[in-house]
Amino acid sequence: MIAFTLAIAWALGAAIARSLDPQARGARLAALAFPLGIGACALALGALSALGVPWSRGSALTSAALLLVIAAAAATARMKRAGRSAPGLEPRPPRSALAWIGGALVAVLVAGHALFATLAPPGEWDFWAIWGLKGNAFHAAARIDWAWLERPANQFAHPDYPILLPLAYDFAAAIEGTWPERQLGLLFTAFAASILLVTASHLREATRASLVAAAGALALAGPVLALPVGLADLPLLVYGGIALLELRSAAIDGRRERFAIAAAALALAALTKNEGIALVVAAAAGLVAARQWRRLGAVAPAAVAAASWIAIRSAHGLSTDLFGGGALARLGSAIAAPAALLRALGETPPEYPLFWIAVALAVAAGGARRIARERLLLVAVAAQIAFFFGAYLVTPRDVAWHVATSWPRLLAQLVVPIAFVAILFAAEALTKAPAVETPDFRLLTPDS
Amino acid sequence: MRVVYAILLAAMLVGGFEPFLLRVFFTDRAAAAAALTAGPDRAFPGYAPFVRQVGARTPEGARVAILVPMRRWSGGYEYAYYRASYLLTSREVIPLVEPDGTAHLERFRDADYVAAWGMTPRLAGFAPVWSGGGGVLLRRLE
């Protein structure tokens, strides 16, 4: 059973989360633990491969245990220091019966996902032609098989894509001692549950209303849980969502520990998918828009992670087809004649169109003051969408095909930050929450 | 604005609801599992089981060329090649058709085995070692 893998990842992630933020506890700690932990497990396998140590249950367990000891020691030290200097946490708002019901419904939906995700091996084309294929090939070689990635015949598997997700599969395979194809879906259930909890935790913190938190998690459950099992979009959504929400909160309360969590999540996003690399720039744009100049350092680890992957893939000659020969010419002609792209976008509505229309209207109806207050998230989302359009403008493939096969998934990657803003605005309008009037809301002013 | 936002929040909740996450509790899970398992191979039933059999009959490191009736890349060869690449772990899968549609039969020279599905070719220098699952596995003669 892959439960052991999940438990290892969760324990390691909890220690890492506490080492980064000693005040992380309760639902927030539980939510942060799995994504951080499975990311660390994947990186541990990458390190073993770089050191020439073949993957096995023993080497995977040993590396995870070593990381756990280091993270636990760091967490203990940080908690001792924090215990002396940090202010106590605010009391939790009381949970209403409706909030409990909402939370229970979310739990039922997550359980439904666990059932669905393990009915069969991931069946998406991009699983067995990209993400699962690489994981399986590495698992067979018991290391990152660079020769396999470099082979021209394997170009179709996009060897240039970051490999955190295949490595996460390989960690599970090493622990299980076999390629646990069907059970891999549970990683995605854990990812989805984590981001729903994270979002609820941030909504509760922002509004002091547990009902809003439950409603937010419930509204997001469908768009998050319905993302394809086996592909990197959901893990990227999770890492990106955590990073942006933690950056927003950190910009408000100024806690460096939140920036540390954001930095770690953003680095893992950059190692998950090419859009994660773009998200590093988008997050920086959000910080600049919110005049958080001094906090730009929070994106530095992610920038280093992204640059490292780009350097490694360049060293192995793994080029990306997007920017292949004639990209500038393609960009020029696409800008000169955008009709094909616009038509393709018009013909490819997002999944859950009613949800997206409501989200867009809720954000737009927030008014200039609230929109300006939330510019960190909104500018980051806008910048990321601009990157998506940029990719479509330079794509060497048929743009209609490219849009049709990617646009709903790409948009879904941003559902957490944009829906968070929409639900926050709705909550403020419905409950007269104090967020706008909070005097120390630092997004309103430069941090210098 | 309270009314507007109440409607928008309700629209988010209703519009984001995914019924299959509840239906899965009441569905025939064995049938659903069978349908989902067959999903990736629905267009070419029988091919994936054949390739799995090829995997069981070829050694690690073997170079296996894929020969199928689908000669056009987007008309099925792409699927056959990608699917075999996933199912034949630790083997080197050799495509005989490129994405631009060109056939590369000279690549038989690089193959230790030829996995031919939906056809029974006679290839100089190769001999059948197994047939079944709608295809035949040929091995290079020593």
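Heads up: the structure comes first, above all this text.
Source: prediction; values computed, not measured.

*Asks:* Sorry if this is basic, but what is going on with the pairing of strand β4 (residues 126-132) of chain B here?
*Replies:* Each regular strand displays side chains that alternate between the two surfaces of the sheet. All names here are of chain B. Where β4 and strand β5 (residues 135-140) come together, six bridges link them in antiparallel fashion. Paired with P128 across the two strands is L138, which belongs to β5. Taking the residues that link successive antiparallel strands as the turn, the β4-β5 hairpin has two residues, and the phi of G133 there is positive, at about 65°.

*Asks:* Is there a simple way to think about the sheet that holds β4 of chain B in this case?
*Replies:* Two orientations exist for strands paired in a sheet by backbone hydrogen bonds: parallel and antiparallel. All names here are of chain B. Taken in spatial order, the five strands of this open sheet run β2-β1-β3-β5-β4, and their pairing is mixed. Edge strands, defined here as strands with exactly one partner in the open sheet, are β2 (92-94) and β4. Shown here is a sheet whose adjacent strand axes are inclined to one another by a mean of 25°, direction ignored. One ladder, built from four bridges, connects strand β1 (residues 63-67) with strand β3 (residues 113-117); its direction is parallel. Across the sheet, I66 pairs through a bridge with A115, a residue of β3.

*Asks:* Help me out: how do you make sense of the nonpolar core in this one?
*Replies:* As a rule of thumb, soluble globular proteins bury nonpolar side chains together. Judged by nonpolar contacts, the single largest core of 210 residues is most densely connected at F355 of chain A together with M12, Y47 and I66 of chain B. With 13 residues, the top contributor of residues to this core is helix α20 (residues 415-431) of chain A. Setting aside chain neighbours within four positions, we find I66 of chain B in contact with Y47, Y77, A80, A84, L88, V93, I94, L96 and A115 of chain B.

*Asks:* How should I be thinking about the packing of aromatic side chains in this particular structure?
*Replies:* The geometry of two aromatic rings is summed up by the distance between their centres and the angle between their planes. In total, this model carries 27 aromatic pairs over all chains according to the counting rule given. Both rings, one in Y169 of chain A and one in W179 of chain A, keep their centres 6.1 Å apart while their planes meet at 85°; by these two values the pair is edge-to-face. Of this pair, Y169 of chain A sits in helix α7 (residues 164-176) while W179 of chain A sits in the loop between α7 and α8 (185-207), and the two are ten residues apart along the sequence. Between the aromatic rings of W73 of chain B and Y81 of chain B, the centroid separation amounts to 6.3 Å while the plane-to-plane angle is 50°, which identifies the pairing as tilted. Each of the two residues, W73 of chain B as well as Y81 of chain B, counts as buried. Here the aromatic residues W125, W128 and F156 of chain A together with F44, Y47, W73, Y77, Y79, Y81, Y82 and W117 of chain B are joined through ring pairs into a cluster of three or more.

Calculation rules
Residues numbered from 1 in each chain as written. Chains lettered and ligands numbered in written order. Predicted model: local features only at pLDDT ≥ 70, side-chain atom pairs only at ≥ 80, totals over all residues. Heavy atoms only, no water. Pairing = 2+ DSSP bridges. Helix = DSSP H or I, 4+ residues; strand = E, 2+ residues; numbered from the N terminus. Axes fitted to C-alpha atoms, helices over the stretch in contact; angles between N-to-C directions. Core = buried A, V, L, I, M, F, W, Y, C linked by side-chain atoms within 4.5 Å. Buried < 20%, exposed > 50% of the residue type's maximum accessible area, 1.4 Å probe, protein only. Contact = heavy atoms within 4.5 Å. Phe/Tyr/Trp six-rings, centres within 6.5 Å; stacked < 30°, edge-to-face > 60°.

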